[in-house]
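Tertiary structure, described
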Amino acid sequence: MSPHTTSSPQLLDAPNQERTHWLELPPHRSSIKVARRSIGARLSAWRLPGDLCADAVLLVSELATNAVRHTLSARILCGIGLITDQCLRLEVHDHDRSDRALPRCEPCPDDESGRGLLIVEAVADSWGVDRSRLTGGNAVWAHLTA
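What comes next concerns the included structure. These numbers come from a predicted model, not from an experiment.

Re the packing of helix α1 (residues 29-45) against helix α2 (residues 50-70)
Taken N-terminus to C-terminus, the directions of α1 and α2 make an angle of 155°; their axes are 9 Å apart at the nearest point. Taken together, α1 and α2 sit at an angle that is classed as roughly antiparallel. In the crossing of α1 with α2, the sense of the turn from one axis to the other is right-handed. Each of Arg-29, Ile-32, Ala-35, Arg-36, Ile-39, Gly-40 and Leu-43 in α1 lies in contact with α2, whose residues at this interface are Cys-53, Ala-56, Val-57, Val-60, Ser-61, Ala-64, Thr-65 and Val-68. Within the contact of α1 with α2, the residues separate by chemical class into 10 nonpolar, three polar and two charged.

Here's what the structure looks like:
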């Protein structure tokens, strides 16, 4: 499994506050629930289609879970932005500066975890990993369209 690489303009640090939403969270499991609720509320306020909102919340949840479980971050940043009225960009930034590649994971049918990036790959139109200009760690991003 590897990211669907596409050109990845960093759109979420654009100054348009009405089209972006950021959360800074501690690296705790409870932060994942906060991220889901906050992102879901913002998507509802933007009046986006229900399926697009559900997919976006799922992806943010998976990416935030990976950041919390697999990095030694002091904080994680979750962001979402409207690229167009029907296209979203999601980002989760961590503090992992190890330059490790994302681990290759092929869970067995009985495994209870290990499918997060497989879900991201299946649901997102494209996704990838860049070095974060905000944290110096990873910025895992995904694009979704309605």
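Quick word on the pattern of salt bridges
Inspection of the entire model under this criterion finds three salt bridges. Salt-bridge contacts for Asp-85 lead to Arg-19; the nearest nitrogen and oxygen are separated by 3.5 Å. With a gap of 66 residues between them, Asp-85 in the loop between β2 (76-84) and β3 (87-93) and Arg-19 in the segment before β1 (20-25) connect regions that are remote in the sequence. Looking at Asp-85, the relative accessible area reads 52%, which means it is exposed.

Definitions and cut-offs
Residues numbered from 1 in each chain as written. Predicted model: local features only at pLDDT ≥ 70, side-chain atom pairs only at ≥ 80, totals over all residues. Heavy atoms only, no water. Axes fitted to C-alpha atoms, helices over the stretch in contact; angles between N-to-C directions. Helix = DSSP H or I, 4+ residues; strand = E, 2+ residues; numbered from the N terminus. Parallel < 35°, antiparallel > 145°, perpendicular 65-115°, else oblique. Left-handed = near helix turned anticlockwise from the far one by under 90°. Contact = heavy atoms within 4.5 Å. Nonpolar A, V, L, I, M, F, W, Y, C, P; charged D, E, K, R; others polar. Salt bridge = Lys/Arg side-chain N within 4 Å of Asp/Glu carboxyl O. Buried < 20%, exposed > 50% of the residue type's maximum accessible area, 1.4 Å probe, protein only.

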